[in-house]
Amino acid sequence: MKKLFFVIILISSVAFSQSPFPLVPIQQIQWVHPDSLRKADSLQTAGVAFNAANFPHWIEDSRYWHVPPLSATQYGDTVTVVGIVLNKPQMYALGNRYAVFIQDTAGGPWSGIIVLANDTTSPNTQATGIQVLDTGMVVKVVGRVEEFPNASSTGYTELFTVIPDPQTGQIIPIEVLDWKLSRPEPVEVRVSDLVKGNASATGGHQINFSNGEQWEDVYVIIKNVSVINRSGTVGII
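Everything in this summary refers to the structure shown in the same document. Only a predicted model underlies this, so the values are computations on that prediction, with no experimental measurement involved.

### Regarding the overall build of the protein chain
Of the regular secondary structure elements, the protein chain holds six helices and 13 strands. Out of the 237 residues in the protein chain, the part that is buried amounts to 38%. Sequence separation of 24 or more characterises 64% of the internal contacts of the protein chain that already satisfy a separation of 6 or more. Here the protein chain displays about 13,300 Å² of accessible surface, and carbon together with sulfur accounts for 58% of that area.

Next comes the structure, spelled out in C-alpha coordinates:
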(Lines give C-alpha, C1' and ligand atoms only; values in the text may rest on other atoms or scores of the structure.)
Protein backbone atom coordinates (compact mmCIF):
# COMPACT_ATOMS: atom_id res chain seq x y z
CA MET A 1 0.00 0.00 0.00
CA LYS A 2 2.85 2.39 0.81
CA LYS A 3 4.46 1.70 -2.58
CA LEU A 4 1.18 2.38 -4.39
CA PHE A 5 0.75 5.64 -2.51
CA PHE A 6 4.26 6.71 -3.49
CA VAL A 7 3.60 6.01 -7.18
CA ILE A 8 0.38 8.06 -7.14
CA ILE A 9 2.13 11.03 -5.54
CA LEU A 10 4.99 10.80 -8.04
CA ILE A 11 2.65 10.77 -11.05
CA SER A 12 0.68 13.71 -9.66
CA SER A 13 3.87 15.72 -9.16
CA VAL A 14 5.00 15.09 -12.74
CA ALA A 15 1.59 16.10 -14.11
CA PHE A 16 1.65 19.33 -12.12
CA SER A 17 5.11 20.24 -13.37
CA GLN A 18 3.93 19.78 -16.96
CA SER A 19 0.82 21.94 -16.54
CA PRO A 20 1.30 24.62 -13.87
CA PHE A 21 -1.82 26.55 -14.94
CA PRO A 22 -5.39 25.23 -15.26
CA LEU A 23 -6.69 24.01 -18.61
CA VAL A 24 -9.90 25.89 -19.45
CA PRO A 25 -12.06 26.11 -22.60
CA ILE A 26 -11.78 29.32 -24.60
CA GLN A 27 -15.55 29.61 -24.25
CA GLN A 28 -15.18 29.88 -20.47
CA ILE A 29 -12.89 32.88 -20.88
CA GLN A 30 -15.02 34.66 -23.47
CA TRP A 31 -18.57 34.01 -22.28
CA VAL A 32 -20.55 37.00 -21.02
CA HIS A 33 -23.89 36.62 -19.25
CA PRO A 34 -26.88 37.46 -21.51
CA ASP A 35 -28.22 39.90 -18.90
CA SER A 36 -25.00 41.91 -19.14
CA LEU A 37 -25.22 41.96 -22.93
CA ARG A 38 -28.84 43.12 -22.89
CA LYS A 39 -27.94 45.81 -20.38
CA ALA A 40 -25.10 46.96 -22.62
CA ASP A 41 -27.52 47.15 -25.56
CA SER A 42 -30.00 49.23 -23.57
CA LEU A 43 -27.43 51.76 -22.34
CA GLN A 44 -26.13 52.82 -25.73
CA THR A 45 -26.84 56.38 -26.76
CA ALA A 46 -25.87 58.04 -30.01
CA GLY A 47 -22.81 60.20 -29.52
CA VAL A 48 -21.95 58.78 -26.07
CA ALA A 49 -18.80 56.67 -25.91
CA PHE A 50 -19.41 53.18 -24.57
CA ASN A 51 -16.54 52.97 -22.12
CA ALA A 52 -15.71 52.30 -18.50
CA ALA A 53 -16.41 55.87 -17.40
CA ASN A 54 -19.95 55.96 -18.81
CA PHE A 55 -21.01 52.32 -18.53
CA PRO A 56 -18.90 50.42 -15.98
CA HIS A 57 -19.10 46.69 -15.36
CA TRP A 58 -21.64 45.59 -17.95
CA ILE A 59 -19.76 44.02 -20.80
CA GLU A 60 -16.96 41.79 -19.49
CA ASP A 61 -16.94 38.96 -16.98
CA SER A 62 -16.08 40.41 -13.56
CA ARG A 63 -13.01 38.18 -13.28
CA TYR A 64 -11.30 40.17 -16.03
CA TRP A 65 -13.03 43.55 -16.18
CA HIS A 66 -11.95 46.10 -13.57
CA VAL A 67 -12.85 49.76 -13.08
CA PRO A 68 -10.45 51.47 -12.72
CA PRO A 69 -8.25 49.25 -14.91
CA LEU A 70 -5.48 47.31 -13.21
CA SER A 71 -1.92 47.07 -14.45
CA ALA A 72 -1.06 44.29 -16.89
CA THR A 73 0.64 42.26 -14.15
CA GLN A 74 -2.55 42.30 -12.06
CA TYR A 75 -5.20 42.15 -14.73
CA GLY A 76 -6.33 38.55 -15.12
CA ASP A 77 -5.88 34.88 -14.53
CA THR A 78 -3.15 32.82 -16.17
CA VAL A 79 -4.64 29.77 -17.89
CA THR A 80 -3.94 27.05 -20.44
CA VAL A 81 -6.11 26.76 -23.56
CA VAL A 82 -6.19 24.48 -26.60
CA GLY A 83 -7.21 25.77 -30.02
CA ILE A 84 -6.58 25.63 -33.75
CA VAL A 85 -4.48 28.39 -35.33
CA LEU A 86 -6.40 30.48 -37.87
CA ASN A 87 -3.50 32.47 -39.32
CA LYS A 88 0.26 32.68 -39.46
CA PRO A 89 1.66 35.11 -36.88
CA GLN A 90 1.18 38.68 -38.03
CA MET A 91 2.93 41.90 -37.12
CA TYR A 92 0.28 43.56 -34.99
CA ALA A 93 -0.61 47.23 -34.41
CA LEU A 94 2.58 49.22 -35.08
CA GLY A 95 4.34 46.13 -36.38
CA ASN A 96 6.28 45.48 -33.21
CA ARG A 97 4.46 42.45 -31.80
CA TYR A 98 3.19 39.05 -32.91
CA ALA A 99 -0.51 38.18 -32.95
CA VAL A 100 -2.27 34.91 -33.80
CA PHE A 101 -5.98 34.09 -33.72
CA ILE A 102 -6.94 30.67 -32.38
CA GLN A 103 -10.31 28.99 -32.06
CA ASP A 104 -11.61 26.06 -30.04
CA THR A 105 -11.49 22.95 -32.22
CA ALA A 106 -15.24 22.48 -31.71
CA GLY A 107 -15.94 25.98 -33.06
CA GLY A 108 -19.19 27.81 -32.42
CA PRO A 109 -19.94 30.95 -30.40
CA TRP A 110 -17.44 32.25 -27.82
CA SER A 111 -14.76 29.95 -29.28
CA GLY A 112 -12.14 32.43 -30.54
CA ILE A 113 -9.39 34.46 -28.89
CA ILE A 114 -6.34 36.43 -29.98
CA VAL A 115 -2.93 35.31 -28.70
CA LEU A 116 -0.11 37.83 -28.69
CA ALA A 117 3.34 38.76 -27.50
CA ASN A 118 4.47 42.30 -26.79
CA ASP A 119 7.34 42.22 -29.29
CA THR A 120 8.84 40.11 -32.08
CA THR A 121 12.54 39.90 -31.29
CA SER A 122 13.19 39.44 -27.57
CA PRO A 123 14.54 36.09 -26.33
CA ASN A 124 11.43 35.61 -24.20
CA THR A 125 9.07 36.03 -27.16
CA GLN A 126 11.20 33.76 -29.33
CA ALA A 127 11.15 31.14 -26.56
CA THR A 128 7.35 30.83 -26.86
CA GLY A 129 7.61 29.65 -30.47
CA ILE A 130 4.76 31.92 -31.55
CA GLN A 131 6.80 33.04 -34.56
CA VAL A 132 6.72 29.57 -36.18
CA LEU A 133 3.00 28.82 -35.78
CA ASP A 134 0.98 28.18 -38.93
CA THR A 135 -2.62 27.83 -40.05
CA GLY A 136 -4.24 24.56 -38.96
CA MET A 137 -1.92 23.79 -36.06
CA VAL A 138 -3.71 22.61 -32.92
CA VAL A 139 -1.82 24.19 -30.04
CA LYS A 140 -1.75 24.32 -26.27
CA VAL A 141 -1.07 27.86 -25.08
CA VAL A 142 -0.40 29.25 -21.61
CA GLY A 143 -1.36 32.91 -21.32
CA ARG A 144 -2.60 35.70 -19.10
CA VAL A 145 -6.13 36.92 -19.82
CA GLU A 146 -6.28 40.64 -20.55
CA GLU A 147 -8.69 43.12 -22.09
CA PHE A 148 -7.49 45.61 -24.70
CA PRO A 149 -7.88 48.46 -24.39
CA ASN A 150 -8.54 47.91 -20.71
CA ALA A 151 -10.23 51.30 -20.31
CA SER A 152 -13.03 50.58 -22.80
CA SER A 153 -15.87 48.08 -22.82
CA THR A 154 -15.66 47.90 -26.61
CA GLY A 155 -12.24 46.28 -26.49
CA TYR A 156 -11.55 42.59 -26.90
CA THR A 157 -10.21 39.78 -24.76
CA GLU A 158 -6.66 38.64 -25.47
CA LEU A 159 -4.22 36.04 -24.20
CA PHE A 160 -0.70 37.31 -23.48
CA THR A 161 1.55 34.31 -23.98
CA VAL A 162 5.03 35.24 -22.67
CA ILE A 163 4.61 33.47 -19.32
CA PRO A 164 7.41 32.06 -17.12
CA ASP A 165 7.01 28.71 -15.41
CA PRO A 166 6.55 29.49 -11.68
CA GLN A 167 8.89 26.63 -10.73
CA THR A 168 11.74 27.00 -13.23
CA GLY A 169 11.43 30.61 -14.36
CA GLN A 170 11.72 29.47 -17.98
CA ILE A 171 9.27 30.84 -20.57
CA ILE A 172 6.57 28.25 -21.27
CA PRO A 173 6.61 27.34 -24.98
CA ILE A 174 3.49 26.92 -27.10
CA GLU A 175 2.96 23.18 -27.62
CA VAL A 176 1.85 21.88 -31.04
CA LEU A 177 -0.53 18.93 -30.54
CA ASP A 178 -1.63 18.32 -34.13
CA TRP A 179 -1.62 19.92 -37.58
CA LYS A 180 -4.82 19.94 -39.61
CA LEU A 181 -4.87 20.43 -43.37
CA SER A 182 -6.70 23.75 -43.09
CA ARG A 183 -8.49 26.09 -40.72
CA PRO A 184 -12.16 25.38 -39.88
CA GLU A 185 -14.95 26.61 -42.12
CA PRO A 186 -16.15 30.12 -41.19
CA VAL A 187 -19.47 30.72 -39.48
CA GLU A 188 -21.86 32.81 -41.58
CA VAL A 189 -23.14 35.91 -39.79
CA ARG A 190 -25.03 39.02 -40.89
CA VAL A 191 -24.04 42.64 -40.45
CA SER A 192 -27.14 43.03 -38.28
CA ASP A 193 -25.73 40.40 -35.90
CA LEU A 194 -22.88 42.79 -35.14
CA VAL A 195 -24.33 46.30 -35.38
CA LYS A 196 -27.70 48.03 -35.59
CA GLY A 197 -28.54 51.12 -37.59
CA ASN A 198 -26.70 52.87 -40.39
CA ALA A 199 -23.17 54.14 -39.78
CA SER A 200 -23.54 56.83 -42.47
CA ALA A 201 -26.93 58.10 -41.23
CA THR A 202 -27.72 60.60 -38.49
CA GLY A 203 -27.13 59.00 -35.11
CA GLY A 204 -24.84 56.35 -36.58
CA HIS A 205 -24.98 52.71 -35.59
CA GLN A 206 -25.02 50.86 -32.29
CA ILE A 207 -23.15 47.72 -31.33
CA ASN A 208 -25.34 44.61 -31.15
CA PHE A 209 -23.83 43.14 -28.00
CA SER A 210 -26.56 40.52 -27.49
CA ASN A 211 -25.92 38.81 -30.84
CA GLY A 212 -22.46 39.99 -31.80
CA GLU A 213 -20.25 39.60 -28.73
CA GLN A 214 -20.25 35.80 -29.06
CA TRP A 215 -18.42 36.07 -32.41
CA GLU A 216 -15.47 38.07 -31.07
CA ASP A 217 -12.26 36.60 -32.58
CA VAL A 218 -14.22 33.75 -34.23
CA TYR A 219 -13.64 33.00 -37.93
CA VAL A 220 -16.78 34.25 -39.70
CA ILE A 221 -17.98 35.17 -43.18
CA ILE A 222 -20.43 37.93 -44.16
CA LYS A 223 -22.06 37.45 -47.56
CA ASN A 224 -23.93 39.70 -49.98
CA VAL A 225 -22.53 43.01 -48.78
CA SER A 226 -21.17 46.02 -50.65
CA VAL A 227 -18.30 48.29 -49.64
CA ILE A 228 -19.67 51.84 -49.57
CA ASN A 229 -16.68 53.64 -48.07
CA ARG A 230 -13.04 52.76 -47.52
CA SER A 231 -10.02 54.52 -46.06
CA GLY A 232 -6.52 53.41 -45.17
CA THR A 233 -7.67 52.09 -41.80
CA VAL A 234 -11.42 51.33 -41.87
CA GLY A 235 -14.22 50.45 -44.24
CA ILE A 236 -18.02 50.54 -44.18
CA ILE A 237 -20.14 47.75 -45.65
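Okay, back to it.
### Remarks on the pattern of salt bridges
Pairing between side chains of opposite charge can happen when the charged atoms of each approach one another. Here the structure, examined in full by the defined rule, presents four salt bridges. For glutamate 146, the salt bridge goes to arginine 144, with nearest N and O atoms at 2.7 Å. Comparing glutamate 146 with arginine 144, the two get one shared label, buried. One salt bridge in this structure joins lysine 180 and aspartate 178, with 3.2 Å as the shortest N-O distance. Given the relative accessible area of 37%, aspartate 178 is considered partly exposed.

### A word on the packing of aromatic side chains
Tallying each qualifying case throughout the model produces zero aromatic pairs. For arginine 183, the ring lying beneath its charged end belongs to tyrosine 219, and the centroid distance is 5.3 Å.

### Looking at helix α3 (residues 34-43)
Of all the residues in α3, the buried ones are Ser36, Leu37, Ala40 and Asp41. In a view along the axis of α3, the buried residues occupy a sector of 140 degrees, so they form one face of it. In this structure, the buried residues of α3 make contact with β9 (195-197), β10 (205-207) and α6 (209-212).

### Remarks on the environment of isoleucine 84
Tracing the backbone through its elements, the reader meets isoleucine 84 in strand β1 (residues 78-85). For the pair isoleucine 84 and phenylalanine 101, spaced 17 residues apart in sequence, the C-alpha to C-alpha distance is 8.5 Å. Those residues in contact with isoleucine 84 that lie beyond four places of it in its chain are Phe101, Ile102, Gln103, Thr105, Gly136, Met137, Val138, Lys180, Ser182 and Pro184.

### Describing the pairing of strand β6 (residues 156-160)
Burial runs high along β6: five of the five residues are buried. Every second residue of β6 is oriented toward a common face, with Tyr156, Glu158 and Phe160 on one face and Thr157 and Leu159 on the other, all of them buried. Judged from the three bridges that link them, strand β4 (residues 112-116) and β6 form a sheet pairing that is parallel. Bridge pairing in β6 links isoleucine 114 to glutamate 158. In this sheet, β6 lies alongside strand β5 (residues 137-148) in antiparallel orientation, the contact comprising five bridges. By the bridge assignment for β6, valine 145 is matched with leucine 159.

### Some thoughts on the side chain of threonine 128
With respect to the secondary-structure elements, threonine 128 resides in helix α4 (residues 123-128). From its side chain, threonine 128 meets the backbone oxygen of threonine 125 in a polar contact 2.6 Å long. Ignoring sequence-local partners within four residues, the contact set of threonine 128 consists of Thr161, Val162, Ile171, Ile172, Pro173 and Ile174.

### Some points on the environment of valine 195
Mapped onto the fold, valine 195 is located in strand β9. The spatial distance from the C-alpha of valine 195 to the C-alpha of glycine 212 is 7.5 Å, given a sequence separation of 17 residues. In this structure valine 195 touches His205, Gln206, Ile207 and Asn208, once residues within four positions along its chain are discounted.

### A closer look at the pairing of β4
Counting buried positions over the five residues of β4 gives five, a clear majority of the element. The side-chain alternation of β4 yields two buried faces, one formed by Gly112, Ile114 and Leu116 and the other by Ile113 and Val115. In this sheet, β4 lies alongside strand β3 (residues 98-103) in antiparallel orientation, the contact comprising five bridges. Across the sheet, residue glutamine 103 finds its bridge partner in β4, namely glycine 112.

Reading the values: the criteria
Residues numbered from 1 in each chain as written. Predicted model: local features only at pLDDT ≥ 70, side-chain atom pairs only at ≥ 80, totals over all residues. Heavy atoms only, no water. Helix = DSSP H or I, 4+ residues; strand = E, 2+ residues; numbered from the N terminus. Buried < 20%, exposed > 50% of the residue type's maximum accessible area, 1.4 Å probe, protein only. Contact = heavy atoms within 4.5 Å. Areas by Shrake-Rupley, 256 points an atom, 1.4 Å probe, with all protein chains shown as cover. Salt bridge = Lys/Arg side-chain N within 4 Å of Asp/Glu carboxyl O. Phe/Tyr/Trp six-rings, centres within 6.5 Å; stacked < 30°, edge-to-face > 60°. Lys NZ or Arg CZ within 6 Å of the ring centre and 35° of its normal. Arc of directions from axis to C-beta. Pairing = 2+ DSSP bridges. Polar contact = N/O pair within 3.5 Å; in protein donor to acceptor, adjacent residues only side chain to side chain.

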